[in-house]
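# Summary of the model geometry
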Amino acid sequence: QVQLVESGGGLVQAGGSLRLSCAASGRTIGSYAMGWFRQAPGKEREFVAAISWNGGRTYYADSVKGRFTISRDNAKNTVYLQMNSLKPEDTAVYYCAASRSGVAVPSGLGTYDYWGQGTQVTVSS
């Protein structure tokens, strides 16, 4: 089992930045692809970004491409999401997830096996 705990969320003005962290425990995530998803009120959970097991490949949703950067430090068993130029429409609960699927940079909800509890990000206009 892998336990994932997100942190770093908060309230920020439009144009600002936040860095989310996802700390894993229970098992090393070095062999897992990792992803970030988000869910706004009244909307379905959606893919944000994914990173391959060794960090060699990344993949982003079009809505965040060029503004968000996913990275990982396997020695620290941690994944990050750097979010710049934030917009009010980025407001959501952000979730970290781990995938054993073997897909390099999975984007589907069903390809992830472990999920964190989420951290709230609120962007004011």
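Figured I'd write up the structure that's included with this text.

Criteria and thresholds
Residues numbered from 1 in each chain as written. Predicted model: local features only at pLDDT ≥ 70, side-chain atom pairs only at ≥ 80, totals over all residues. Heavy atoms only, no water. Helix = DSSP H or I, 4+ residues; strand = E, 2+ residues; numbered from the N terminus. Rg over C-alpha atoms; globule rule 2.2 N^0.38 Å. Buried < 20%, exposed > 50% of the residue type's maximum accessible area, 1.4 Å probe, protein only. Contact = heavy atoms within 4.5 Å. Pairing = 2+ DSSP bridges. Axes fitted to C-alpha atoms, helices over the stretch in contact; angles between N-to-C directions. Salt bridge = Lys/Arg side-chain N within 4 Å of Asp/Glu carboxyl O.

### Considerations on the overall build of the protein
Within the protein, the regular secondary structure consists of 0 helices and 11 strands. Going from the N terminus to the C terminus, the protein shows its helices and strands as β-β-β-β-β-β-β-β-β-β-β. Its C-alpha radius of gyration of 13 Å places the protein within 12% of the 14 Å reference for a compact globule of 125 residues. With the principal axes as the frame, the protein shows a C-alpha extent of 40 × 25 × 25 Å. Scored against the burial criterion, the 125 residues of the protein give a buried share of 46%. Considering only residue pairs separated by 6 or more positions, the protein has 59% of its internal contacts joining residues 24 or more positions apart.

### Side note on the sheet that holds strand β8 (residues 78-83)
With antiparallel pairing, 4 strands are arranged side by side in an open sheet as β1-β3-β8-β7. Each edge of the open sheet carries a strand with a single partner, namely β1 (3-7) and β7 (68-73). Looking at each pair of strands side by side, their axes are set apart by 15° on average, direction ignored. Strand direction decides the pairing type here: β7 and β8, joined by 6 bridges, are antiparallel. Residue pairing across strands places Ser71 opposite Tyr80, the latter belonging to β8.

### So, the pattern of salt bridges
A complete count under the given rule lists 5 salt bridges for this structure. One salt bridge connects Glu46 with Arg38, and the closest N-O pair in it is separated by 2.6 Å. Judged by relative accessible area, Arg38 falls into the buried class, the value being 6%. Between Asp113 and Arg100 there is a salt bridge whose closest N-O contact spans 3.6 Å. Note that Asp113 is positioned in the loop between β9 (92-99) and β10 (114-115) and Arg100 in the loop between β9 and β10, a separation of 13 residues in sequence. A residue is classified by how much of its surface remains accessible, and Arg100, at 52% relative accessible area, is exposed.

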